[in-house]
Amino acid sequence: MTESTRVTVLPDEVSVVNMGLSLFAEAVRDQATSVQHVDWRIPADGQLDLVDDLEQLYGRRAAAIDKANAEAVRRLDQSVPLLVDIASAESLIPEVSGRTLLHCGPEIEWAQVCDPLRRSMRAATVAEGWAETIEQADRILSDGKVRLQPAYRYDTVMPMASAIGPSAPVFAVDNRDGGTRAFAPINQGPGETAWFGRETPAAIARLQFLHDVAGPMLRQVLDSSGPIDIFALAAQGVQIGDDVHMRTQGTTTLMIRNLLPQLAALPDAGRVPMAQYLSGNHLFFLNLAMAAAKSTALWAEQVDGSSIVTMMCRNGTSYGIRLGGSDEVFIGAAPAVEEAMYYPDYGPETSAPDIGDSAILELVGLGGAAAAGSPAVAGFLPGGMADAAKMTERMASICAAESTRFKLPTRNYRGTPLGVDVRRVVELDTTPKVTTGILHASSGVGQIGAGVATAPVECFRAALRALASDVSG
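Every residue gets a number counted from 1 within its own chain, in the order that chain's sequence is written. The predicted origin of the model limits local features to residues at a pLDDT of at least 70 and limits the giving and counting of side-chain atom pairs to 80 or more, whereas totals for whole chains, interfaces and linings rest on all residues. As a rule here, side-chain values come from all non-hydrogen atoms in the structure, and water together with hydrogens is ignored.

The subject of this paragraph is the sheet that holds strand β7 (residues 169-175). Read across the open sheet, the four strands follow the order β8-β7-β3-β9; overall the sheet is antiparallel. Sheet topology places β8 (180-185) and β9 (228-229) at the edges, where each strand pairs with a single neighbour. By the convention used here, strands pair only if DSSP detects at least 2 bridges between them. Every helix listed is a DSSP run of H or I at least four residues long, and every strand listed is a run of E at least two residues long, numbered separately from the N terminus. Bridging between β7 and β8 involves six bridges; their strand directions are antiparallel. Bridge pairing in β8 links Val 173 to Ala 182.

Next up on the list: unusual backbone geometry. A positive phi angle, near 55 degrees, is found at Asp 155, a position not held by glycine. Along the chain, Asp 155 turns up in the loop between β5 (147-150) and β6 (163-164). Exposure categories follow from relative accessible area, calculated using a 1.4 Å probe and restricted to protein chains: below 20% of the type maximum is buried, above 50% is exposed, and the middle band is partly exposed. We classify Asp 155 as partly exposed; its relative accessible area is 28%. One non-glycine residue, Tyr 413, lies in the positive phi region at around 65 degrees. Considering the arrangement of structural elements, one finds Tyr 413 in the loop between β15 (399-408) and β16 (414-420).

Turning our eyes to something else, we now look at the pattern of salt bridges. One side-chain nitrogen of Lys or Arg within 4 Å of one carboxyl oxygen of Asp or Glu is enough to make a salt bridge. Enumeration over the complete set of coordinates arrives at 22 salt bridges. Linking Asp 45 and Arg 461 is a salt bridge whose minimum nitrogen-to-oxygen distance equals 4.0 Å. Taken as a pair, Asp 45 in the loop between β2 (35-38) and α2 (48-58) and Arg 461 in helix α16 (residues 457-469) lie far apart in primary sequence, 416 residues in all. Judged by relative accessible area, Arg 461 falls into the buried class, the value being 13%. With its nearest N and O atoms 2.5 Å apart, the salt bridge here joins Asp 174 to Arg 181.

Structure representation (structure tokens):
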């Protein structure tokens, strides 16, 4: 046979690797042919300055960063945060005194504060006794007679639209291995409460109840029980379907069950109201988990030269992050909460932007990182458990490791993704997803749904640029 008459024989079977557009992979798959799709994209959304920074951080500086990251992740994974005290903020955090309100998220001026957080600040101002009415509270806040401080400056975390004054009771959680301590207020519970952007008499009464009844009684319980390992309970909660962010019912129940003997021994005065509060508050464990996560992240934050994200917080206007070894906070706009389920008569047009410090949980392997194991979270997603699994896989793509304590039965007991690496976030143009509640944007009716918020990429890009410009790295 000559060259001119040679016949090309096609193979009987073909396997295809497709890169880029998934449409081509789907077309091959529709023809019953094996195809492996590679979700390749231009790094850093094609921004050349960021590509240059990534080349440096993955290149000549990679060894030093990877070493720092390994230590930061070890601290995130192995810390043992213990609840050790419950007392007023001013007694545990001496810098919080006088007319000072701690609030969620980055620093903000009154003029930029969103409606739900304003309402919470007014309620806290009345509860502190600085004003007799909401109208008086509004005047002294707008006149600057109350000092507004971001809670993170005081190693404190605040869920949703929380604001607290010096007399508010807070949990103190110690990470003794790292010598770090973090704080969080006692969870106010569902319904007509200030952290949901309510400023009604009932919301103010709940703040006073926490000060007068719940705080002192919980301190008696803790005095009897001794320190409580928060992450040990959280690990059990993940096993029974909690993501320990949007859903904490299981973990809250475990906590109350473990403390039942001490709760039963409380004095008669106030015991019934305390029991009613606990039995009606499925979110009680949330603030404890946040304080535990913060004390853990503070230890990781001490590692210089790391690209691991150690803080994410939102105030309904802006979104802030921080990297290990740095005090600088990088700011983006607070995003809308998407992939949401709303109460009747509400929807995206009535929703406030993402708010609260609870995104710290996603950084330690909880929340969105644990979504694949939570049917409750899946219920908010259009694709159910499949979408919940994708959320966890998305987190895995931008994380440096897996947790050795938070295990997901639905992933064959693999650990949840741990240690968000800003290099991966920027390279893949993929930011963390955060499971969260949704507040009304302006009416003061409180919570109107729950869903998933996607962190804004601009603050991660700013953090990467700062890390790349650090000549000491």
